Amino acid sequence: MTSSNGLVCFTNCLIPLEDGSLVEQDVWFDEKRGVILDAQLNGAYNFDFSIYESDESYREGMKLVAERIIETGVTSLLPTLITQDKTLYPKILSLLQPFSTPKSATLLGWHAEGPFINHDKRGAHAPPFLLNAPEGTKSFEDIYGERNLAENEDWLMASGGQNTGVRMITAAPEIEGVMNAIGELTKRGIVFSIGHSVASSQVATAAVRYGAGLITHLFNAMPQLHHRDPSIIGLLGASPHLSSPLSPLPPIPPRKSPKGNPNVGTPTIYTDVLHSSEAFDSTITPPLSPSSYSSPTSTTQSLSGVITPLKVGRSELHLDKGQVADMAFVRPFYGLIVDGIHSHPNSVRLAYSAHPDGCVLITDAQKILDPNLQDGVYEWRDGQRFVKEGYKLYLEGTSTLAGSVVTLDACVRNFSRYTGCSLGEAIKCATYNPARCLGLENKKGTLRPGADADFVVLDRRGTVLSTWVKGKEAWVKGA
């Protein structure tokens, strides 16, 4: 129903709240409200954000994806740029700025996945382009361009931060120089995500304490869970005993790698030829005791060497039933590709049970994402081709997973089925949680007063019925 003053009212609705509950009530909106967000999309509708041919064709591709992706319920997305020849970054990044049209999803800047990742967990990333970061933050600036790294105030601008570029960076903290850059990058408002990494529990924990706030496609391109060193996955169950706020930050060991070899000193990866994919690669963890940890002190140390006193609240062996002892950090968010291929349903439920408030549903979708596309073999890049089998996508001639072709609305439905959670709780993982991860919850992912008027209407089975952008209907099923 539309009123004379331009307000629109939906009646008899189930409205998702920020805690995942659904309440039945009417809702009024104008041009201020906002919902579903995909934080990792490599491309769609035959356009790849990582391939540059000309300025004109790239802009046309951005517009195509932004206008068509709304059929899947997505109203905001973070285009993902995978590892490139370093000469291509300036060309692509000058184009890949925040963008939208009156009837499209909003491109929020970009997610740089690589090149500072581990060779042994590279997945479909091109080995010749992988790099170390010997000069810390400056190495990141040299590759991405200093002007393309978002400043914190740009994220919060009412105009939407139109001059920002990088919103998120995926890198491996064990790679030379990367750990030194985390603090400065996060201070600028960039989300640092741990991914394509073989980091041990000790290194992964240190990365989070320095500011890492996300894990890229959990379970994939990382060591699998081992009871003696749970590595990156173990961050979901981080123990207060090993992460007390009284524990000092561990020192960053100097790493000197020979020229041309960006991954010297990393563990050997043993790969089953039949299952050589990001999901099934595994680091053989030796049967040793857990890494030692420093004795607690009353201070913590930053990368710059500044010692900061910490306030102590609930310590170990406390007496408050149902509460958890204080920790030195907030557990990171984690991205999940819930297509039934990248992660087993049991794994999805295990992760969600361990850390429900950190779950962020992503697609990691490739250029051939199109709900109407048939199975088959399709061109990708550099002479490589995809093989599409349902939601499964792998490189021709291998079994290496190369992203997905699942849509975000399908991820929401799958997630509810796999975990047994309510549809409202699943929606939270595609709306409020990713918005919080990006620090945009006052503008995106919520129905708060003043948020952007972008939202999706679903039926009670989670199927997209219509998508609204800036308070106006932009797509409707069957139209």
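Residues numbered from 1 in each chain as written. Predicted model: local features only at pLDDT ≥ 70, side-chain atom pairs only at ≥ 80, totals over all residues. Heavy atoms only, no water.

Novice: Could you give me a rundown of the overall build of the protein chain, with the residues and numbers involved?
Specialist: The helix and strand tally for the protein chain stands at ten helices and 23 strands. Burial analysis of the protein chain (479 residues in total) assigns 52% to the buried set. Taking contacts inside the protein chain between residues at least 6 apart in sequence as the whole, the part at least 24 apart equals 67%. With the model as given, the accessible surface of the protein chain reaches about 21200 Å², and the carbon-plus-sulfur share is 53%. (Helix = DSSP H or I, 4+ residues; strand = E, 2+ residues; numbered from the N terminus. Buried < 20%, exposed > 50% of the residue type's maximum accessible area, 1.4 Å probe, protein only. Contact = heavy atoms within 4.5 Å. Areas by Shrake-Rupley, 256 points an atom, 1.4 Å probe, with all protein chains shown as cover.)

Novice: Could you give an account of the sheet that holds strand 21 (residues 455-458), naming the residues involved and the relevant values?
Specialist: Read from one edge of the open sheet, three strands run 21-22-23, paired in antiparallel fashion. What marks the edges here is a single partner per strand, and that holds for strand 21 and strand 23 (472-476). Put simply, the sheet's adjacent strands are angled 25° from each other on average, direction ignored. Pairing geometry for strand 21 and strand 22 (residues 464-469), over four bridges, is antiparallel. Within strand 22, the residue paired with L458 across the bridge is V464. (Pairing = 2+ DSSP bridges. Axes fitted to C-alpha atoms, helices over the stretch in contact; angles between N-to-C directions.)

Novice: Requested: an account of the nonpolar core, with residues and values cited.
Specialist: Counting residues in hydrophobic clusters, the biggest one holds 100 residues, and the most contacted among them are Y144, L361 and F415. Not counting the four nearest positions on each side in its chain, L361 is found in contact with L37, L336, V338, L408, C411, V412, F415, A426, C429 and A430. One finds I82, A124, W380 and A402 within the second-largest nonpolar core, a separate group that totals nine residues. (Core = buried A, V, L, I, M, F, W, Y, C linked by side-chain atoms within 4.5 Å.)

Novice: Provide a residue-level description of empty space enclosed by the protein, including the pertinent values.
Specialist: Taken as a whole, this structure holds two cavities of 30 Å³ or more when the rule is applied. Roughly 140 Å³ of volume is contained in the largest cavity. Around the largest cavity, the lining comprises 17 residues; the ones closest to its centre are I82, H125, D364, Q366 and G403. Of the residues that constitute the lining of the largest cavity, the class distribution is five nonpolar, eight polar and four charged. Along the walls of the second largest cavity sit A39, Q40, H111, M168, S193, L214, I215, T216, H217, G335, V360 and I362, which together make up its complete lining. Breaking the lining of the second largest cavity down by element, the ones donating at least two residues are strand 3 (37-41), strand 11 (214-215) and strand 17 (359-362). The class makeup of the residues in the lining of the second largest cavity is six nonpolar, six polar and no charged. (1 Å grid on protein atoms, 1.4 Å probe; cavity = no way out; pocket = protein on both sides within 12 Å on 5 of 7 lines; lining within 4 Å. Points joined across faces, edges and corners; volume = space filled by probe spheres on them. Nonpolar A, V, L, I, M, F, W, Y, C, P; charged D, E, K, R; others polar.)

Novice: Would you mind going over the pattern of salt bridges in detail, with residue names and values included?
Specialist: Going through the model one piece at a time under the given rule, you end up with 16 salt bridges. E18 is the salt-bridge partner of R448, the closest N and O atoms lying 2.6 Å from each other. Taken as a pair, R448 in the loop between helix 10 (432-438) and strand 21 and E18 in the loop between strand 1 (8-16) and strand 2 (22-29) lie far apart in primary sequence, 430 residues in all. For E18, a relative accessible area of 29% translates into the label partly exposed. Two residues, K138 and D142, come together in a salt bridge whose shortest N-O distance is 3.1 Å. With a gap of four residues between them, K138 and D142 both fall in helix 3 (residues 137-144), about one helical turn apart. Residues participating in the shared-partner salt-bridge network are E141, E184, K187 and R188. (Salt bridge = Lys/Arg side-chain N within 4 Å of Asp/Glu carboxyl O.)

Novice: Can you explain helix 8 (residues 408-419)? Please cite residues and give values.
Specialist: The terminal C-alpha atoms of helix 8, which comprises twelve residues, lie 16 Å apart, in line with the 16 Å expected from a rise of 1.5 Å per residue. Within helix 8, ten of the twelve residues are buried, which leaves it mostly tucked inside the rest of the structure. Listed in full, the buried residues belonging to helix 8 are L408, D409, A410, C411, V412, R413, N414, F415, S416 and T419. Here the buried face of helix 8 lies against strand 3, strand 16 (333-337), helix 7 (345-354), strand 17, helix 9 (423-428) and strand 22. Positive phi shows up at G420, right after helix 8, with a value of about 80°. (Expected span 1.5 Å × (residues − 1).)

Novice: With reference to specific residues and values, describe the packing of aromatic side chains.
Specialist: Ring pairs (aromatic) are described by centroid distance and by the angle formed between their planes. In total, this model carries ten aromatic pairs according to the counting rule given. On the numbers, 5.4 Å between centres and 90° between planes, the contact of F47 with F49 is edge-to-face. F49 gets classed as buried once you look at its relative accessible area, which sits at 0%. Arranged with centres 5.7 Å apart and planes meeting at 80°, the rings of W110 and Y144 form a pair that is edge-to-face. Taken together, the positions of W110 in strand 8 (residues 110-113) and Y144 in helix 3 put the pair 34 residues apart, joining distant regions of the chain. For W110, a relative accessible area of 0% translates into the label buried. Looking at Y144, the relative accessible area reads 1%, which means it is buried. Through a chain of ring-to-ring contacts, three or more aromatic side chains come together here, namely Y89, W110, F116, F140 and Y144. (Phe/Tyr/Trp six-rings, centres within 6.5 Å; stacked < 30°, edge-to-face > 60°.)

All we've got here are geometric facts, nothing functional implied.
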